[in-house]
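Residue-level listing of the chains:
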Amino acid sequence: QGSFAVAEAIAHQMTGRPIVGVRVPRNRELVQNSGFEVFDDCTISSWRMNAPDFVRLPCGDGAADEIELVSGSTGGSALSQKISMDSITLADPVFTASLECRSNDPGAVALIITAITKDEKSHRFTAEHPGDGSWHTLTLSGEFPATDLAAIYVTVTSRPIAKSSAYLRDVSLQVKL
């Protein structure tokens, strides 16, 4: 109710007349610590690391501008976060996801969104960095399965083909509620 009241107030301010009952869909960010700014003992809060020795973090005070996925792991490096669907009801199965990253190796860095249904079927969406050494925002949009979702996984990976480090800034996964 509160967010719709704000939308109604903005609509009133823009048009000069009251607009009541307008329902504006809201996007909601599902990724916690999406900018990797919260650390606990040099571990990124809310994120799981499969190869912690290959994730370089600024362990000083304050927020990080970026984190580094170091090349050299035989299995690659990955950061992942499970988003529980227990308390979320989607108004629309459409999602948008993004990752701001830099890499010198084509296809070495990827953003992967995996949706798992309650009947344990997996649906995967992937975007890869072109490997030109520049910062890019990888974007994905898609539609989650219509069946009941059990979980969504957001994964950022540096694959074993990486010859140099990759740098990450912000990850986002938004849905309409």
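Notes on the structure in this doc start here. Just so it is clear, the model here is predicted, and its values are computed rather than measured. (Residues numbered from 1 in each chain as written. Predicted model: local features only at pLDDT ≥ 70, side-chain atom pairs only at ≥ 80, totals over all residues. Heavy atoms only, no water.)

## Here's the deal with the overall build of the chain
Note the cut-off: Secondary structure follows DSSP: runs of H or I at least 4 residues long count as helices, runs of E at least 2 residues long count as strands, and numbering of each begins at the N terminus. The classification of residues rests on relative accessible area computed with a 1.4 Å probe and restricted to protein chains. Under 20% of the type maximum is buried, over 50% is exposed, and intermediate values are partly exposed. Here, residues are in contact when the closest pair of their heavy atoms is within 4.5 Å. Working definition of accessibility: Shrake-Rupley area with a 1.4 Å probe, residue cover restricted to the visible protein chains.
Within the chain, the regular secondary structure consists of one helix and 13 strands. Moving toward the C terminus, one meets the helices and strands of the chain in the order α-β-β-β-β-β-β-β-β-β-β-β-β-β. Split into buried and exposed, the 177 residues of the chain put 41% on the buried side. A fraction of 71% describes how many contacts in the chain between residues 6 or more apart in sequence connect residues 24 or more apart. Carbon and sulfur atoms make up 47% of the accessible area of the chain, which totals about 9700 Å².

## Quick word on the packing of aromatic side chains
Where we set the bar: By convention, a stacked pair of Phe, Tyr or Trp rings (six-membered ring in the case of Trp) has centres within 6.5 Å and planes under 30 degrees apart, an edge-to-face pair has planes over 60 apart, and any other such pair is tilted. In our convention, an over-ring charge means Lys NZ or Arg CZ found within 6 Å of a ring centre and within 35 degrees of that ring's normal.
The tally for this structure, following the rule as stated, stands at three aromatic pairs. Geometrically, the ring pair formed by F95 and F144 is stacked, given 4.5 Å between the ring centres and 20° between the ring planes. Of this pair, F95 sits in strand β8 (residues 94-102) while F144 sits in the loop between β11 (135-143) and β12 (149-158); the two residues are 49 residues apart in sequence, bridging distant segments of the chain. Across this residue pair, the class does not change: F95 and F144 are buried. Taken together, the ring pairs in this structure connect F95, F125 and F144 into an aromatic cluster. One cation-aromatic arrangement involves R169 over W135; the distance from NZ or CZ to the ring centre is 3.7 Å.

## Some points on unusual backbone geometry
Phi is positive for N33, close to 55°, though the residue is something other than glycine. Its identity is not glycine, yet F36 carries a phi of approximately 60°, on the positive side. Relative to the helices and strands, F36 resides in the loop between β1 (27-29) and β2 (39-40).

## As for the side chain of S172
Test applied: Polar contacts, as used here, are pairs of N or O atoms within 3.5 Å; protein pairs need one atom able to donate a hydrogen and one able to accept it. Residues neighboring in sequence count only if both atoms are side-chain atoms.
With respect to the secondary-structure elements, S172 resides in strand β13 (residues 166-176). Among the polar contacts listed, one links the side chain of S172 to the side chain of E29, at a separation of 2.6 Å. Ignoring any residue separated from it by four or fewer positions in sequence, one finds S172 in contact with E29, V31, T96, A97 and S98.

## Things to note about the pattern of salt bridges
A pair can form between side chains of opposite charge whenever their charged atoms are brought close. Rules: We define a salt bridge as a contact between a side-chain nitrogen of Lys or Arg and a carboxyl oxygen of Asp or Glu at a distance within 4 Å.
Scanning all chains against the criterion turns up two salt bridges. The closest approach of N and O atoms between R169 and E100, which form a salt bridge, is 2.8 Å. In this pair, R169 sits in strand β13 while E100 sits in strand β8, placing the two residues 69 residues apart along the sequence. The partly exposed category is assigned to E100, whose relative accessible area is 21%. Note that R159 is salt-bridged to E128, the shortest N-O span being 2.4 Å. Taken together, the residues span a long stretch of sequence, with R159 in the loop between β12 and β13 and E128 in strand β10 (residues 122-128) at a distance of 31 residues. For R159, a relative accessible area of 23% gives the class partly exposed.

Keep in mind these values describe shape, not function.
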